Amino acid sequence: MYSIIVVPTPAATPGEQVRLAPGERLHFGRTAPRAAGGRRHLDVPHPGVSRSAGEIGAIGSHWTLSNFSPASTYVVENPEGAGEHIKIAPGRVDAPVPFEFSRVVLPSGSDLVDFCVWAPRHDYVERAHDAEAGEPTTSAFPLDRSKRYFLVLAALCEPRLRGEPHAPPPTADMIVDRLRPLWPAANRAAVQWNIDYLAVKLRLKPGPDTAGAGPRLHGKKESLVSLALRFDLVREDDLATLAPAPASATTVPEARSAGATHEARTPHRTRGTGEPTAPAAARPR
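Reading the values: the criteria
Counting restarts for each chain: residues are numbered from 1 in the order of the written sequence. Totals for whole chains, interfaces and linings use all residues, but because this is a predicted model, local features are given only for residues with pLDDT of at least 70 and pairs of side-chain atoms are given and counted only at 80 or more. Hydrogens are left out, water is left out, and the side-chain values use all remaining heavy atoms of the structure. Excluding any residue in a salt bridge, patches collect residues exceeding 30% relative accessible area, merging like charges within 9 Å and nonpolar Val, Leu, Ile, Met, Phe, Trp and Tyr side chains within 5 Å. All accessible areas in this document rest on Shrake-Rupley with a 1.4 Å probe, and a residue is counted as covered only by the protein chains that are shown. By convention in these notes, a salt bridge is any Lys or Arg side-chain nitrogen within 4 Å of a carboxyl oxygen on Asp or Glu. Charge counting treats Lys and Arg as positive and Asp and Glu as negative, with His and both chain ends excluded. For this purpose, a charge sits on NZ of Lys, CZ of Arg, CG of Asp or CD of Glu. Think of it in three bands: residues with accessible area under 20% of the maximum for their type are buried, residues over 50% are exposed, and the middle band is partly exposed, with areas taken using a 1.4 Å probe on protein chains only. Only Phe, Tyr and Trp rings are paired, with Trp represented by its six-membered ring, and only when their centres lie within 6.5 Å; those with planes under 30 degrees apart are stacked, over 60 edge-to-face, the remainder tilted. Segments assigned H or I by DSSP are reported as helices when at least four residues long, segments assigned E as strands when at least two residues long, and all are numbered from the N terminus. Strands are treated as partners if at least two bridges between them are detected by DSSP. Lines fitted to C-alpha atoms define the axes, with helix axes restricted to the stretch in contact, and inter-axis angles between N-to-C directions lie between 0 and 180 degrees. Confidence of the predictor at the level of single residues is captured by pLDDT, which takes values from 0 to 100. Working rule for contacts: check all heavy atoms of both residues, and any pair within 4.5 Å makes them a contact. Note on angle classes: values under 35 degrees are labelled roughly parallel, values over 145 roughly antiparallel, values of 65 to 115 roughly perpendicular, and the remainder oblique. When the near helix sits turned anticlockwise from the far one by under a right angle, the crossing is termed left-handed; a clockwise turn instead gives a right-handed crossing. Three categories are distinguished: nonpolar for Ala, Val, Leu, Ile, Met, Phe, Trp, Tyr, Cys and Pro, charged for Asp, Glu, Lys and Arg, and polar for the others, with Gly belonging to the last.

1. Some points on a negative patch on the surface
Turning to step 1, where the next piece is worked out: Taken together, the side chains of Glu80, Glu100, Glu236 and Asp237 present a region of like negative charge at the surface.
Turning to step 2, where the next piece is worked out: In this structure Glu236 comes out as partly exposed when scored by relative accessible area, which is 48%.

2. Details of the packing of aromatic side chains
Turning to step 1, where the next piece is worked out: In this structure the tally under the stated criterion is six aromatic pairs.
Turning to step 2, where the next piece is worked out: Between Phe28 and Tyr74 the ring centres are 6.4 Å apart and the planes differ by 45°, which places this aromatic pair in the tilted class. One end of the pair, Phe28, is in strand β3 (residues 25–29); the other, Tyr74, is in strand β7 (residues 74–77), and 46 residues separate them in sequence.
Turning to step 3, where the next piece is worked out: By relative accessible area, which is 0% here, Phe28 ends up buried.
Turning to step 4, where the next piece is worked out: Pairing Trp193 with Tyr197 gives two aromatic rings, centres 5.3 Å apart and planes at 10°, and the pair type is stacked. One end of the pair is Trp193 and the other is Tyr197, both in helix α3 (residues 188–201) and four residues apart, which spans about a single turn.
Turning to step 5, where the next piece is worked out: Taking the relative accessible area as the measure of exposure, Tyr197 reaches 8% and is therefore buried.

3. Observations regarding the sheet that holds β7
Sheets are built from strands paired through backbone hydrogen bonds, the pairs being either parallel or antiparallel.
Turning to step 1, where the next piece is worked out: With antiparallel pairing, the six strands of this open sheet are ordered in space as β2-β1-β11-β10-β7-β8. Both edges of this open sheet fall to β2 (18–20) and β8 (85–88), since each of them pairs with a single strand only. The mean inter-strand angle of the sheet, taken between neighbouring strand axes irrespective of direction, is 25°.
Turning to step 2, where the next piece is worked out: Sheet topology note: the strand β1 (residues 4–7)/strand β11 (residues 111–118) ladder contains three bridges and is antiparallel. The residue of β11 that forms the bridge with Val6 is Val117.

4. Section: the confidence of the model for the protein
Turning to step 1, where the next piece is worked out: Per-residue confidence for the protein gives a mean pLDDT of 80; residues scoring 70 or more make up 75%.
Turning to step 2, where the next piece is worked out: Across residues 245–276, where pLDDT falls below 50, the model places 49 contacts with residues more than four positions away in sequence or in other chains.

5. Considering the packing of α3 against helix α4 (residues 220–230)
Turning to step 1, where the next piece is worked out: Taken N-terminus to C-terminus, the directions of α3 and α4 make an angle of 55°; their axes are 10 Å apart at the nearest point. Judged by the inter-axis angle, α3 sits oblique to α4. Considering how the two elements wind past one another, α3 and α4 form a crossing that is left-handed. Residue-level contacts link Gln192, Ile195, Asp196, Leu198 and Ala199 of α3 to Lys220, Lys221 and Leu224 of α4.
Turning to step 2, where the next piece is worked out: Here the residues of the contact of α3 with α4 sort into four nonpolar, one polar and three charged.

6. Regarding the environment of Leu106
Turning to step 1, where the next piece is worked out: With respect to the helices and strands, the residue Leu106 is situated in strand β10 (residues 101–108).
Turning to step 2, where the next piece is worked out: Of the residues examined, Leu106 reaches a relative accessible area of 2% and is grouped as buried.
Turning to step 3, where the next piece is worked out: As a C-alpha pair, Leu106 and Val76 span 30 residues in sequence and 9.0 Å in three-dimensional space.
Turning to step 4, where the next piece is worked out: In contact with Leu106, other than residues within four places in its own chain, are Phe28, Val44, Val49, Tyr74, Asp111, Leu112, Val113 and Phe115.

7. Remarks on the sheet that holds β3
Turning to step 1, where the next piece is worked out: The five strands are arranged β4-β3-β5-β6-β9 in an open sheet whose pairing can be described as mixed. Edge positions in the sheet fall to β4 (40–43) and β9 (95–97), since each of these pairs with one other strand and no more. Averaged over all neighbouring strand pairs, the angle between strand axes comes to 30°, with direction disregarded.
Turning to step 2, where the next piece is worked out: Inspection of the sheet shows β3 paired to strand β5 (residues 54–59) by four bridges, in the antiparallel sense. Bridge pairing links His27 to Glu55 in β5.

8. Structural notes on the pairing of β7
Turning to step 1, where the next piece is worked out: Burial along β7 is one-sided: the face carrying Tyr74 and Val76 is buried and the face carrying Val75 and Glu77 is not.
Turning to step 2, where the next piece is worked out: Both β7 and β8 contribute to a ladder of four bridges, which runs antiparallel. For Val76, the partnering residue across the bridge sits in β8 and is Ile86.
Turning to step 3, where the next piece is worked out: Where β7 lies against β10, three bridges are found, and the strand directions are antiparallel. Paired with Glu77 across the strands is Arg103, a residue of β10.

Set out below in structure tokens:
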């Protein structure tokens, strides 16, 4: 069974792809090594690439990368990870790569040469472990995907999930425009309130009942996006929640909140809960 697929170029046909079974290795570089020893080889025809640049090893559900260059650092990017990447130092051997989809970037003179590696094999436990008696495990990030705050979080993450790993988070006004088909009463203050609420809920800033307010959180939207994508709190599949809702799907609660256009920017406190609350148009639903 093949566990690793190497794609030399984006336009490569299935016949040009290289498939590796667990235990197999693939040498890559400008030319094949003289003493191949039965090893397979991937040509990288660029004058800036070493004759023997490195080697890929298939290890079950993941793969390794060796950097034979004496001076150049290789970068392995996760195209789905919003800028997530690892660096393989010169001379490093068998560095494990955890990404399912990877882009290997080789610095080559004044250019950057790359090829892709896919690791489609996924191994899981056969069954869930039996639940033991006692208190249930507390969820690290308790998010309700039916609430408005999750729509705001998905809209914040959307540019990077759409393939722009270095895109800045959208502004509050851009989020208002993006969510208006689903949330007619949305406005800048309501969106900003939900962003503040998410920062507390995801523990990026202290809650309103905390004794010390703590330092002001700069780059709040950037921090939310980074956290959400790092822990898969928002995935590409979740972007379907941002699709405009059909006219027949407009709910009565949405219609009731349509007249609320002036919301406070500062969250209020709810007695006994420690969580902030807000006027109807801003409150998570």
